[in-house]
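Now for the letters of each chain:
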Amino acid sequence: MTRAMRWIAVATALGAVVALAGAWHTGWAQYAGVTVPTSANLGRPDALLLTRSVATLPRDALKLPLARELLTEDFLFYYQSHPDVLGIEGAMRRISFERSLGWSDELVRWLLDRPAQIALWRDDKGALRHWALATERKDLGRLFEALAVGAAADGQVFSAGTIAAGDGAIALHTLALRTNRTLLLASQGDRVVVFSDPGLVLDAQRVPRGESADVLRRLLADAATPSSTPWQQSFRAGDLGSAHSLLLRASALGFGYERFFPALVATRFDFGDGAWRSQVLVDHSAPGAALVADRRSWEAVPIRPAACAQLPIHWGAADATLRAAKSLDTSQAEALAGGFDGPVLVCWYAKSGLLAPLFVASVDANRPPGDAAIAALADWALLGEPLINDEAARAGPGVRRWQHAIEVPFASANQQKRPMAGERKVTVARSGRYLLFSPDPGRVDAALEVLARRRPSLAAALPETDPLLALVTPSALSAMARDEITRMLPVGDEPVLRPVAERTLLPRVAAAGRHPAHRAVLLPAADGNGWRSLDWQALPD
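Rules of the game
Residues numbered from 1 in each chain as written. Predicted model: local features only at pLDDT ≥ 70, side-chain atom pairs only at ≥ 80, totals over all residues. Heavy atoms only, no water. Phe/Tyr/Trp six-rings, centres within 6.5 Å; stacked < 30°, edge-to-face > 60°. Helix = DSSP H or I, 4+ residues; strand = E, 2+ residues; numbered from the N terminus. Buried < 20%, exposed > 50% of the residue type's maximum accessible area, 1.4 Å probe, protein only. Lys NZ or Arg CZ within 6 Å of the ring centre and 35° of its normal. Pairing = 2+ DSSP bridges. Salt bridge = Lys/Arg side-chain N within 4 Å of Asp/Glu carboxyl O. Core = buried A, V, L, I, M, F, W, Y, C linked by side-chain atoms within 4.5 Å. Contact = heavy atoms within 4.5 Å. Disulfide = S-S within 2.5 Å. Axes fitted to C-alpha atoms, helices over the stretch in contact; angles between N-to-C directions. Parallel < 35°, antiparallel > 145°, perpendicular 65-115°, else oblique. Nonpolar A, V, L, I, M, F, W, Y, C, P; charged D, E, K, R; others polar.

> Is there a simple way to think about the packing of aromatic side chains in this case?
How two aromatic rings sit relative to each other is given by the distance of their centres and the angle of their planes. Inspection of every chain in the model, using the stated rule, returns four aromatic pairs. Measuring from centroid to centroid gives 6.1 Å for Trp 121 and Trp 231, while their planes differ by 75 degrees, and the two rings are edge-to-face. Of this pair, Trp 121 sits in strand β2 (residues 116-122) while Trp 231 is found in helix α9 (residues 230-235), placing the two residues 110 residues apart along the sequence. By relative accessible area, which is 1% here, Trp 121 ends up buried. Residue Trp 231 is classed as buried on the basis of its relative accessible area of 0%. Across the ring face of Phe 235, the terminal group of Arg 249 is positioned such that the distance to the ring centre comes to 3.9 Å. The ring centre of Tyr 349 lies 4.4 Å from the NZ or CZ of Arg 443, which sits over that ring.

> Hey, could you run me through unusual backbone geometry in this one?
Of all residues except glycine, most have a negative phi; of all peptide bonds, most are trans. Unusually for a residue other than glycine, Arg 236 sits at a positive phi of about 55 degrees. Residue position: Arg 236 is located in the loop between α9 and β8 (244-249). Under the relative-accessibility criterion, Arg 236 is labelled partly exposed at 35%. Phi is positive for Arg 304, which is not a glycine, with a value near 60 degrees. Within the fold, Arg 304 resides in the loop between β10 (275-282) and β11 (307-311). Its relative accessible area of 69% is what places Arg 304 among the exposed residues.

> Could you clarify how one ought to interpret the pairing of β2 in this entry?
As a general feature of sheets, a regular strand has side chains that alternate between the two faces. The buried fraction of β2 amounts to six of the seven residues, a majority that puts the element mostly inside the structure. Bridge analysis of strand β1 (residues 47-51) against β2 gives five bridges, and the strand direction is antiparallel. Its bridge partner being in β2, Thr 51 is matched across the sheet by Ala 116. In this structure, β2 lies alongside strand β3 (residues 128-136), joined through seven bridges in antiparallel fashion. By the bridge assignment for β3, Ile 118 is matched with Leu 133. Between β2 and β3, which follow one another and run antiparallel, lie five residues, and Gly 126 among them has a positive phi close to 95 degrees.

> Honestly, the pairing of β11 in this entry has me stumped. Any pointers?
Pairing analysis gives five bridges linking β11 to strand β12 (residues 340-348), with the strands arranged antiparallel. In the sheet register, Cys 308 faces β12, and the bridge partner there is Cys 347. When β11 meets strand β18 (residues 468-472), the two strands line up antiparallel, connected through three bridges. Counted as the bridge partner of Ala 307 is Val 472 from β18.

> It is not clear to me how the pattern of salt bridges should be interpreted in this structure. Could you clarify?
Any two side chains of opposite charge can pair, on the condition that their charged atoms come close. A full pass over the atoms with the stated rule returns 17 salt bridges. With a closest N to O distance of 3.2 Å, Glu 299 and Arg 433 form a salt bridge. Of this pair, Glu 299 sits in the loop between β10 and β11 while Arg 433 sits in the loop between β16 (419-431) and β17 (434-438), placing them 134 residues apart in sequence. The salt bridge involving Arg 401 is made with Asp 445; its shortest N-O contact spans 2.2 Å.

> Got a minute to help me understand helix α14 (residues 441-451) in this structure?
Counting along an α-helix, one turn takes 3.6 residues, and residues three or four places apart therefore face a common direction. Where α14 is concerned, the buried positions are Pro 441, Arg 443, Val 444, Ala 446, Ala 447, Leu 448 and Val 450. Immediately downstream of α14, the backbone of Arg 453 shows phi near 65 degrees, a positive value.

> Looking at this model, I keep getting lost on the nonpolar core. Mind explaining?
The nonpolar side chains of soluble globular proteins are, as a tendency, buried together. Ranked by size, the top nonpolar core spans 35 residues in total, and within it Leu 322, Leu 336 and Phe 340 carry the most contacts. Looking at this core, the elements with two or more residues in it are β10, α12 (330-337), β12, β13 (358-363), α13 (371-382), β16, β18 and β19 (518-526). If one sorts the elements of this core by residue count, α13 sits on top with six residues. Apart from residues lying up to four places away in sequence, Phe 340 is in contact with Trp 315, Ala 361, Ser 362, Val 363, Asp 364, Pro 369 and Leu 435.

> Even after reading the chapter, I still don't get the state of the cysteines, so can you show me in this structure?
Working definition: the covalent bond between the sulfur atoms of two cysteines is a disulfide. A full pass over the atoms with the stated rule returns one disulfide. What pairs with Cys 308 in a disulfide is Cys 347, and their sulfur atoms sit 2.0 Å apart. One quick way to see it: the torsion about the S-S bond of Cys 308 and Cys 347 is about 115 degrees, and its sign makes the bridge right-handed. With a gap of 39 residues between them, Cys 308 in strand β11 and Cys 347 in strand β12 connect regions that are remote in the sequence. On the accessibility criterion, Cys 308 (3% relative accessible area) is buried.

> Can you walk me through the side chain of Asp 123 in this structure?
With respect to the helices and strands, Asp 123 occurs in the loop between β2 and β3. On the basis of relative accessible area, Asp 123 is assigned to the buried category, the value being 18%. Aside from chain neighbours lying at most four places away, what touches Asp 123 is Arg 129 and His 130.

> Looking at this structure, I do not really get the packing of helix α16 (residues 474-488) against helix α17 (residues 497-512). What am I missing?
To characterise two packed helices, one gives the angle between the axes of the helices and the distance between these axes. At a closest axis distance of 9 Å, the pairing of α16 and α17 adopts a crossing angle of 170 degrees. As judged from the angle between their axes, α16 and α17 are roughly antiparallel. In contact with Pro 474, Ser 478, Ala 481, Arg 482, Ile 485 and Thr 486 of α16, α17 contributes Arg 498, Ala 501, Leu 505, Leu 506, Val 509, Ala 510 and Ala 512. Here the contact of α16 with α17 is built from residues that sort into nine nonpolar, two polar and two charged.

Take a look at the structure:
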């Protein structure tokens, strides 16, 4: 991804040289292409990359030990060969040759050796495909003026109008890379913002939308500073205190479920002094914010997970969903919506695989939901055929368990390691104040044994510390990833991809597994903007 950011920056900076040269040339053809407005909020990106130098970003990214293990030249070459990059590079070479401009790699280095902000937005499918790059260079205007004659004769650049800004105007131009890709460039003085899609700014009639025009004015204002841009303000990021910072909003990570954990606003990764650091932005006024320090769930899970993560859940957000469930009456829906407290803990184990994690939730001791409500919830959520199971009686007093048999396409693997369809006994269990769920009944059984004190708990293996948000065991994660890769690429069915995976991917996965286990501890001190640091502490073997 970091290499992709670099080449996006290269492409957009070089494209700006071509397109914005027309700002000093009259007679531009008006842009008449099809504009598809996006639903993105231009002032509130889903992700933001802040960097003091785009050129140094790939080198610094590889200083993360795990990145050095996983990234290969083939992986990076994919982004270097992206069609957008190749399209702009081809246009630059053609214009340079035809106009005898003599552009060289020195120009690329000169453009990249500047601070920049790269904002990204999700598309309708949830992928971060829309982007914009904002940068400034004192000599940028003089360069464009010198290149105006060479670029004016080129048919790839069109005027897209202007936006009034104070005593001047923001010039809009488009750069057509190919039939299905057009960039939009906005400039004022030596400041430039490049957009991946004209629809980020223009409406269907190719007229700047009011809210987008306001954001552009703030991005390109003469008095603008990095910390005053609307992008940074939307993240409460403050001044850039590191060489690079990557900020990801919960909307970019929550897969549509972020309304269930409104207290977790964003995550942040900063690079400085030769190391990467991470932070989380916590909204302490949001429901569930006070529960991030809860450690009860860790007492219910077995030791040696591949990974665990804890989220501060707002249980009230499930009220509307529960009320819509046909198998739940009003009293049951109310009991379930108000019957839990504390965060939810999810853990993956190597033997169970990626698709069968263990979930642990805590029941509210003051108003716990009844067994009938939980049984109705299981009938609604799990589907499949309910199973009668009397083993719960032998699991200990106060234990109830519900199972449903569900047919899945990848239940197991045969002797040739090919995936086979089969039955999964999806299981929900309640023991005391805990509610457990997993597609693998063995995970639930193991957790019940932990609660019955017949197995050690993960909490007992971890020292008392500040709030624990996550735990990662690379050796177990590596084993789980290896099993998933080989299961999905059976030898007999994948004669091409399987050898490639064995030769290139699996050795990288194995190398990543040699790193020590770490836990992410939420430190108590917060900056003035609400960001709290995560301390990644190595765990003993």
